[in-house]
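Below are the chains, spelled out letter by letter.
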Amino acid sequence: MKLLMGYGVGVAVTAMAAGTLWFVVGGPGRPVGEDARARELKTRLAVAQDHMRAKDEVTAALARGELTFSEAAARFRVIHGGDPGPLAYLRLQYPAALDD
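These notes cover the structure that comes with them.

Basis of the calculations
- Residues numbered from 1 in each chain as written.
- Predicted model: local features only at pLDDT ≥ 70, side-chain atom pairs only at ≥ 80, totals over all residues.
- Heavy atoms only, no water.
- Helix = DSSP H or I, 4+ residues; strand = E, 2+ residues; numbered from the N terminus.
- Buried < 20%, exposed > 50% of the residue type's maximum accessible area, 1.4 Å probe, protein only.
- Axes fitted to C-alpha atoms, helices over the stretch in contact; angles between N-to-C directions.
- Parallel < 35°, antiparallel > 145°, perpendicular 65-115°, else oblique.
- Contact = heavy atoms within 4.5 Å.
- Nonpolar A, V, L, I, M, F, W, Y, C, P; charged D, E, K, R; others polar.
- Expected span 1.5 Å × (residues − 1).
- Arc of directions from axis to C-beta.
- Salt bridge = Lys/Arg side-chain N within 4 Å of Asp/Glu carboxyl O.
- Core = buried A, V, L, I, M, F, W, Y, C linked by side-chain atoms within 4.5 Å.

1. Let's talk about the overall build of the chain
For step 1, the next point in the chain: Summing up its helical and strand segments, the chain has four helices and zero strands in all.
For step 2, the next point in the chain: Ordered by position from the N terminus, the helices and strands of the chain form the series α-α-α-α.
For step 3, the next point in the chain: Within the chain, the proportion of its 100 residues that are buried is 26%.

2. So, the packing of helix α2 (residues 36-63) against helix α3 (residues 69-80)
For step 1, the next point in the chain: α3 packs onto α2 with a crossing angle of 175 degrees between their chain directions and a minimal axis gap of 10 Å. Judged on the interaxial angle alone, α3 and α2 are roughly antiparallel. Contacts from H51, A54, K55, V58, T59 and L62 in α2 reach F69, A72, R75, F76, I79 and H80 in α3.
For step 2, the next point in the chain: Split by residue class, the contact of α2 with α3 holds seven nonpolar, three polar and two charged.

3. Topic: α3
For step 1, the next point in the chain: In this model α3 runs 17 Å from its N-terminal to its C-terminal C-alpha over 12 residues, within 8% of the 16 Å that 1.5 Å per residue would give.
For step 2, the next point in the chain: Every buried residue of α3 is listed here: A72, A73, F76, I79 and H80. For α3, the angular spread of buried residues about the axis comes to 115 degrees, placing them on one side.
For step 3, the next point in the chain: Phi turns positive one or two residues past the end of α3, at G81, with a value near 60 degrees.

4. Overview of the pattern of salt bridges
For step 1, the next point in the chain: Tallying each qualifying case throughout the model produces four salt bridges.
For step 2, the next point in the chain: R44 serves as the salt-bridge partner of E40, at 3.1 Å between the closest nitrogen and oxygen. Of this pair, E40 and R44 are both found in helix α2, four residues apart, which corresponds to roughly one turn of the helix.
For step 3, the next point in the chain: Residue classification places R44 among the partly exposed positions, given a relative accessible area of 46%.
For step 4, the next point in the chain: Between R53 and D50 there is a salt bridge whose closest N-O contact spans 2.7 Å. Of this pair, R53 and D50 both sit in helix α2, three residues apart, which is roughly one turn of that helix.
For step 5, the next point in the chain: A relative accessible area of 44% means that D50 is categorised as partly exposed.
For step 6, the next point in the chain: What you see here is one network of salt bridges that share partners, running through R37, E40 and R44.

5. Examining the nonpolar core
For step 1, the next point in the chain: Among the nonpolar cores identified, the biggest contains seven residues, and these are V58, A61, L62, L67, A72, F76 and I79.
For step 2, the next point in the chain: If you list the elements that add at least two residues to this core, you get α2 and α3.
For step 3, the next point in the chain: When residues no more than four places from it in sequence are discounted, the contact partners of A61 are E66 and L67.

Here's what the structure looks like:
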């Protein structure tokens, strides 16, 4: 249950990051011309939104009983593509917790 709560925190953090990126990239007062930084941020935003949608689908399938917790955790790992970044914070907060 702790790990599920941790993943919930991860989803919330991802949502906040995506919201921040939206404001930076497409928020009010943005100049009409896009520079390389704006394009990079838009790409990051799109990736973050894709990850959020995929995690929402996994979470819904878990809630419906279509997936076991281990299967959901495995899908989250695939969504993150082996990037330890999203889980690094959780590992610091819950050092005794296992990934499985």
